[in-house]
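Structural overview for review
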Amino acid sequence: MHITESIMKTEKDIEDFDAFGDDHVGASTNTPLREDAFELSSKEKIEIIKGDVRHIMETLGLDLTDDSLNGTPKRVAKMFVNEIFSGLNPDKKPKASTFDNKYQYGEMLVEKNITVYSTCEHHLLPIVGRAHIAYISNGTVVGLSKMNRIVDYFAKRPQVQERLNIQIVKELQEVLGTKDVACIIDAKHLCVNSRGIRDIESSTVTSEFGGKFKEKEIKREFLDYIKLDTNF
Ligand SMILES: [Zn+2]
């Protein structure tokens, strides 16, 4: 009786766990990092992950002596640490070079169709889409490519789209010294498109409107500029 109960509980937990992931619920606006997240060097992390990937592949029954599979564990480990999850490392954060707004341009600036390549933290599958960012300068401006770099930095983490959206806005608010920043992300989640419900057509839109962008007129203007006709 006791054992049955405990098994049932475990199965229930697993069901809840699955539902949580498939619903893509994000728990926090900060990426949940361990306190010892940066005690190991990138090189040490690659070595450990290499062994873990090898273990997964061997458990699946793959023969890693095959020439085609032999280099995969190292390739994946390097890709995780140096590329697709490199945004976990604060050293990679784009430097905040800002300029004075010499032209006294007081209107909204919109940078649209910024490419987003991220990874769903519930399935470790790609999220691919576009980000559209707007801000109204209060005297400080950033180089246009800075916005792309900020998107890329936060995207290169295990993510949920809502958190990615919020992290981009918060960072720009800090860099620009104004609350008047907005971001909309329109993205496809391969965990939805290629597995589970397998809906190839659907995409997910999230938005975060700070400061003046909460006002109806300003929000409308931003939405008119970007006209969400994003194609992938
Ligand atoms: Zn997912």
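These notes cover the structure that comes with them.

What counts and how
Residues numbered from 1 in each chain as written. Predicted model: local features only at pLDDT ≥ 70, side-chain atom pairs only at ≥ 80, totals over all residues. Heavy atoms only, no water. Phe/Tyr/Trp six-rings, centres within 6.5 Å; stacked < 30°, edge-to-face > 60°. Helix = DSSP H or I, 4+ residues; strand = E, 2+ residues; numbered from the N terminus. Buried < 20%, exposed > 50% of the residue type's maximum accessible area, 1.4 Å probe, protein only. Lys NZ or Arg CZ within 6 Å of the ring centre and 35° of its normal. Pairing = 2+ DSSP bridges. Contact = heavy atoms within 4.5 Å. Axes fitted to C-alpha atoms, helices over the stretch in contact; angles between N-to-C directions. Expected span 1.5 Å × (residues − 1). Arc of directions from axis to C-beta.

1. Quick notes on the packing of aromatic side chains
Within this structure, the stated rule accounts for 4 aromatic pairs. Measuring from ring centre to ring centre gives 6.4 Å for Phe209 and Phe222, while their planes differ by 80°; the resulting arrangement is edge-to-face. Of the two residues, Phe209 sits in strand E7 (residues 204-209) while Phe222 sits in helix H8 (residues 216-226), which places them 13 residues apart along the sequence. Judged by relative accessible area, Phe209 falls into the buried class, the value being 14%. Consider the rings of Phe213 and Phe222, whose centres lie 5.9 Å apart with planes at 75°: the pair is edge-to-face. Among the aromatic residues, ring-to-ring pairing joins Phe209, Phe213 and Phe222 into one connected group. In this structure, Arg157 packs its charged tip against the face of Tyr153, placed 5.1 Å from the ring centre. Seen from the ring of Phe209, Lys219 lies directly overhead, with NZ or CZ sitting 4.6 Å from the centre.

2. Examining the sheet that holds E7
Strand order in this open sheet of 5 strands is E5-E2-E3-E6-E7, and the pairing throughout is mixed. Edge positions in the open sheet fall to strand E5 (158-159) and E7, since each of these has one partner strand only. Together, strand E2 (108-120), strand E3 (126-136) and E5 form the strand contacts of helix H5 (residues 144-155), whose direction differs from that of E2 by roughly 25°. Relative to E2, H8 is tilted by about 70°, and along the sheet it contacts E2, E3, strand E6 (181-189) and E7.

3. What to know about helix H4 (residues 72-84)
In this model H4 runs just 16 Å from its N-terminal to its C-terminal C-alpha over 13 residues, more than 12% under the 18 Å that 1.5 Å per residue would give. Among the residues making up H4, those that are buried are Thr72, Pro73, Val76, Ala77 and Val81. At its buried positions, H4 is contacted by helix H2 (42-59) and helix H3 (67-70).

4. Regarding H8
Residues of H8 that are buried: Ile218, Phe222 and Ile226. The buried residues of H8 occupy an angular sector of 70° when projected down its axis, which confines them to one face. Among the exposed residues of H8, those pointing more than 90 degrees away from its buried face are Lys216 and Glu217. Summarising the contacts, the buried residues of H8 are in contact with E2, E3, E6 and E7. Looking one or two residues past H8, Lys227 carries a phi angle of roughly 35°, positive in sign.

Take it as geometry only, folks, not as evidence of what the structure does.
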